[in-house]
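Structural features, examined
The primary structure of each chain is shown beneath.
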Amino acid sequence: MNKPIVSMIVAVGENREMGANNDLPWGRALPTDMNRFRNKTRGHTIIMGKRTFESMQSKPLPNRVNIVVSRNPSMHDISIYHAKNVIVCGSVEEAIEEAKKNEKEAMPAGRQEIFIIGGGKIFELSMLLADKLYLTLIHAKFPDADVFFPDYSEFKKEVYREKVSENGYNYEFVDLERS
Ligand SMILES: NC(=O)c1ccc[n+]([C@@H]2O[C@H](COP(=O)([O-])OP(=O)(O)OC[C@H]3O[C@@H](n4cnc5c(N)ncnc54)[C@H](OP(=O)(O)O)[C@@H]3O)[C@@H](O)[C@H]2O)c1
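Conventions and cut-offs
Residues numbered from 1 in each chain as written. Predicted model: local features only at pLDDT ≥ 70, side-chain atom pairs only at ≥ 80, totals over all residues. Pairing = 2+ DSSP bridges. Helix = DSSP H or I, 4+ residues; strand = E, 2+ residues; numbered from the N terminus. Axes fitted to C-alpha atoms, helices over the stretch in contact; angles between N-to-C directions. Contact = placed C-beta atoms within 7 Å. Near = placed C-beta within 6 Å. Nonpolar A, V, L, I, M, F, W, Y, C, P; charged D, E, K, R; others polar. Core = buried A, V, L, I, M, F, W, Y, C linked by C-beta atoms within 7 Å. Buried ≥ 20, exposed ≤ 12 C-beta atoms within 10 Å, placed from the backbone. Expected span 1.5 Å × (residues − 1). Arc of directions from axis to C-beta.

Quick notes on the sheet that holds strand β6 (residues 113-116)
- The mixed open sheet is built from 8 strands, whose spatial order is β5-β4-β3-β6-β1-β7-β10-β9. The open sheet has two edge strands with one neighbour each: β5 (87-89) and β9 (157-166). The average angle at which neighbouring strand axes cross in this sheet is 20°, direction not considered.
- Examined bridge by bridge, strand β1 (residues 5-12) and strand β7 (residues 132-138) share 6 bridges and lie parallel to one another. Pairing of Met8 across the sheet is with Leu133, part of β7.
- Packing against the sheet, helix α1 (residues 31-41) makes contact with β1, β3 (45-49), β6, β7, β9 and β10 (169-177), and its axis sits at approximately 170° to β1.
- The strands touched by helix α4 (residues 92-106) are β1, β3, β4 (65-69), β5 and β6; relative to β3, the strand with the most contacts, the crossing angle is about 165°.

Below, the structure written as structure tokens:
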């Protein structure tokens with residue numbers, strides 16, 4: 001069946017910390033994680049909240065269709081977003097429908113995967129809608145964090161795990177599916 005899967009991809013600390021001051025709490029210290037993110041999402045459609053888009057200097061990630069979720073998408077109709085070739089949607093549900101259309105056009109059946117890339121608010125709204133979770137689990141605490149990933153205990157089935165050590169951090173890639 002030609003049905004794109006919906007995945008979330010996120011890196012978190014031991015307390016599910018994922019953001020601080022509209023940036024990553026660990027900054028740019030995990031290039032292997034960045035590479036994995038790039039490799040997984042390249043060529044696909046990505047969905048993010050407006051704050052995450054702003055945390056990327058409001059520049060779309062290249063070689064991917066970028067969808068930004070905002071409560072007021074009409075506000076952005078005449079803004080920089082369209083000039084930058086970014087789609088703006090008013091809800092996560094609408095973003096997923098739009099993403100499915102894009103994936104079906106861009107990717108062959110069996111390789112269609114939509115990636116929800118954050119941030120905290122958009123993950124909260126996506127928790128019941130996603131099929132899969134690509135987690136980067138960092139074995140460290142980040143006391144300055146102000147955004148946290150929601151409880152993900154519904155994703156119980158581990159399908160992949162790999163350990164990484166880099167720049168003084170020990171972390172793991174853990175891929176989870178609903179059981
Ligand atoms: N660790 C990671 O892997 C990772 C990944 C991504 C982001 N981050 C971090 O996460 C933080 C950003 O997360 P965040 O939770 O503050 O923001 P966010 O989820 O990226 O975006 C929030 C925005 O989404 C829109 N929104 C919220 N609820 C909505 C709804 N019900 N319907 C439609 N749109 C809605 C609003 O935009 P409007 O105000 O325009 O309505 C809101 O300002 C940053 O620190 C970033 O660095 C971390």
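Some remarks on the site of the ligand
- For the ligand, the set of nearby residues contains 27 residues, the closest of which are Gly19, Gly49, Ser70, Gly118 and Gly119.
- Contributing elements (two or more residues each) for the shell around the ligand: β1, β2 (17-19), β3, α2 (50-55) and α5 (120-126).
- Split into classes, the residues belonging to the shell around the ligand amount to 10 nonpolar, 12 polar and 5 charged.

Looking at the nonpolar core
- Residues Val10, Ile47, Ile67 and Ile116 are the most contacted members of the largest nonpolar core, which totals 39 residues.
- Contact partners of Val10, with chain neighbours within four places excluded, come to Met18, Gly118, Phe123, Leu135 and Phe149.

Describing the environment of Leu133
- By the element assignment, Leu133 lies in strand β7.
- For Leu133, the residues in contact, after removing those within four places along its chain, are Met8, Tyr152, Phe155 and Leu176.

A few points about α4
- Between the first and last C-alpha of α4 there are 20 Å, a value that for 15 residues agrees with the 21 Å anticipated at 1.5 Å per step.
- Inspection of α4 places Val92, Ala95, Ile96, Ala99 and Glu103 among the buried residues, and these make up the whole buried set. Buried residues along α4 cover an arc of 95° about the axis, so they all sit on one side. Opposite its buried face, α4 presents the exposed residues Glu97, Lys101 and Glu105, each directed more than 90 degrees away.

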